Amino acid sequence: MILRLPRALLALCLAFCCAFAFAQVPVPPEIAARSYLLMDISANQVLAAKDADTPVEPASLTKLMTAYLVFDALRSKKIELKQALPVSERAWKMAGSRMFIDPKMQVPVEELIKGMIVQYGNDATMALAEAVGGSAEKFVEMMNQQAKVLGMKNTGYRNPEGLSAPGHVTTARDLSILSMRLIQDFPDHLSYYAIKKYRYEGTPATNDTNRNMLLFRDPTVDGLKTGHTDAAGYCLIASAKRDFPNLQGRRLLAVVLGANSEIARANEAQKLLNWGYTAFEAIKLFDGNQAVAQPQVWKGVDRTVKLGQTNPLVVSVPAGTGGKLRTQIARPEPLVAPFKKGQQIGTLRVLAGDQLVREVPLVALEPVEQAGAMRRSWDAMRLWIQ
């Protein structure tokens, strides 16, 4: 016998089932901003977003890319922290926020970095750009090239400091990508963003306070940058790192763009961070360089290959659902040597029930060299029989 339910009752049942299925999906708080994005950097997952791909002016958030290229120049020894740089007329006459340096000065690179990051100095930013790029125009080309390398698909730079200009745009998603890579690629320089007060000797004492209010409110916040123009509104990228029993140093990143005031951007970023830490839990499934699987290898010196990731594998899931996770591995069969270290061989899928939480590549943690002619022939025969 087939039981037929009235349409109204059937619709009610379906609605209840859908509501139950999604009951555990956290709903983000209302955020008073044009666009925002909250990322769990430890898990490389976006937890919440609104209009994250809508183009906006980046204002002083532009200086994150300038800093990225400056830190890269330090790493490649193109410049050095103690190296004194000249101050050009162009740098001296920059409009907007300033470090108050002039052409009579020779300013060390590290002081210019602090002036750019803490004081938002457009003059310091220009001096660094000219040193790294040879000219501001060449440096802007480097900025746009680096944006493409990082996968910032909707970003265009027209200057290194962030003053309004046609075509000078980015998005919340692109800024999250840049911020994450800045933190991951240059961890030794992240401390500059946590400096609360700084001024260069001989410059005005009133221009010494970092505009990121959360540095003064929340001890777990260690960066990253604020920005403001009339067109961009008040913007803030806030990074925080908090310790939990199951994961030490869990880092979240809140991107808030187009708030109405300095206080509003700080409040909304804090709201996002607090919600992210309470609504989601981070689960470390595997340590970095831990073998997730060791499948059989044919025609190789070794009989198995260790598959995993070089970094810890962390996933972020709604609070209380970590015990429901399961994993699946997809890989080609058969696996025939040789394999290079770091070569992608398979994919790990992390699921909560039937819902895909995250999909990550699995790479060879160690190389597997090709075996000699005798073993290769023997394995070829065995494969043929199979």
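You'll find the structure just up there.
Residues numbered from 1 in each chain as written. Predicted model: local features only at pLDDT ≥ 70, side-chain atom pairs only at ≥ 80, totals over all residues. Heavy atoms only, no water.

A. Spatial organisation of the overall build of the protein. Helix and strand content of the protein: 10 helices and 13 strands. Referenced to the eigenvectors of the C-alpha coordinate spread, the extents of the protein come out at roughly 80 × 70 × 40 Å. Here the protein holds 386 residues, and the buried ones make up 49% of them. Counted over contacts in the protein with a minimum sequence separation of 6, partners at least 24 positions apart contribute 65%. Carbon and sulfur atoms provide 54% of the accessible area of the protein, an area that totals close to 19,000 Å². Across the protein, the mean location of the 46 positive side-chain charges is 5 Å away from that of the 36 negative side-chain charges. (Helix = DSSP H or I, 4+ residues; strand = E, 2+ residues; numbered from the N terminus. Buried < 20%, exposed > 50% of the residue type's maximum accessible area, 1.4 Å probe, protein only. Contact = heavy atoms within 4.5 Å. Areas by Shrake-Rupley, 256 points an atom, 1.4 Å probe, with all protein chains shown as cover. Lys, Arg positive; Asp, Glu negative; His and termini not counted. Charge placed at Lys NZ, Arg CZ, Asp CG, Glu CD.)

B. Spotlight on the pairing of strand E1 (residues 35–40). Counting buried positions along E1 gives 6 out of 6 residues, so the element sits mostly inside the fold. The pairing of E1 with strand E7 (residues 247–259) spans 6 bridges and is classified as antiparallel. Across the sheet, residue Tyr36 finds its bridge partner in E7, namely Val256. Where E1 meets strand E2 (residues 45–50), 5 bridges bridge the pair, whose relative direction is antiparallel. Within E2, the position partnered with Tyr36 by the bridge is Lys50. Counting the residues that bridge the hairpin from E1 to E2 gives 4 residues, and of these Asn44 lies at a positive phi of roughly 55°. (Pairing = 2+ DSSP bridges.)

C. Examining the packing of helix H5 (residues 122–133) against helix H6 (residues 136–150) more closely. Interaxial distance between H5 and H6 falls to 8 Å at its minimum, and their mutual angle equals 80°. Overall, the two elements H5 and H6 adopt an arrangement that is roughly perpendicular. Of the residues in H6, those touching H5 at Met126, Ala129, Glu130, Val132 and Gly133 are Ala136, Lys138, Phe139 and Met142. Here the contact of H5 with H6 is composed, by residue class, of 6 nonpolar, 1 polar and 2 charged. (Axes fitted to C-alpha atoms, helices over the stretch in contact; angles between N-to-C directions. Parallel < 35°, antiparallel > 145°, perpendicular 65-115°, else oblique. Nonpolar A, V, L, I, M, F, W, Y, C, P; charged D, E, K, R; others polar.)

D. Seen up close, the packing of aromatic side chains. All chains considered together, the criterion is met by 5 aromatic pairs. With a centroid separation of 5.7 Å and an interplanar angle of 25°, the aromatic rings of Phe244 and Tyr277 are classed as stacked. Residue Phe244 is found in strand E6 (residues 233–244), and its partner Tyr277 is found in helix H9 (residues 262–279); the two are separated by 33 residues along the sequence. The structure contains a cluster of three or more aromatic residues connected by ring pairs, namely Tyr68, Phe71, Phe186 and Tyr192. The aromatic ring of Phe244 is capped on one face by Arg250, whose charged end is 5.8 Å from the ring centroid. (Phe/Tyr/Trp six-rings, centres within 6.5 Å; stacked < 30°, edge-to-face > 60°. Lys NZ or Arg CZ within 6 Å of the ring centre and 35° of its normal.)

E. Local environment of the sheet that holds E6. The 5 strands lie next to each other as E2-E1-E7-E6-E5, forming an open sheet whose pairing is antiparallel. Edge positions in the sheet fall to E2 and strand E5 (221–229), since each of these pairs with one other strand and no more. Along the sheet, successive strands turn relative to each other by an average axial angle of 10°, direction set aside. The strands touched by H9 within the sheet are E1, E2, E5, E6 and E7, with E7 carrying the most contacts at an inclination of about 145°.

F. Inspection of the sheet that holds strand E12 (residues 344–352) at higher detail. In spatial order, the strands read E9-E13-E12-E11; together these 4 strands make up an open sheet with antiparallel pairing. Of all strands in the sheet, those bounded by a partner on one side alone are strand E9 (307–308) and strand E11 (325–330). When E12 meets strand E13 (residues 355–364), the two strands line up antiparallel, connected through 8 bridges. Bridge pairing in E13 places Val350 opposite Arg358.

G. Highlighting a nonpolar patch on the surface. Judged by side-chain polarity, Trp378, Met381, Trp384 and Ile385 come together as a nonpolar surface patch covering roughly 560 Å² of accessible area. The topology assignment puts Trp378 in helix H10 (residues 373–385). (Patch = residues over 30% accessible without salt bridge, like charges linked within 9 Å, V, L, I, M, F, W, Y side chains within 5 Å. Salt bridge = Lys/Arg side-chain N within 4 Å of Asp/Glu carboxyl O.)

H. Just the pattern of salt bridges, in detail. As enumerated under the stated definition, the model contains 19 salt bridges in all. Note that Arg75 and Asp72 form a salt bridge whose closest N and O atoms lie 2.9 Å from each other. Taken as a pair, Arg75 and Asp72 lie in helix H2 (residues 63–75) at a separation of 3 residues, close to a single helical turn. A relative accessible area of 28% places Asp72 in the partly exposed class.

Interpretation in functional terms is not warranted from these geometric data alone.
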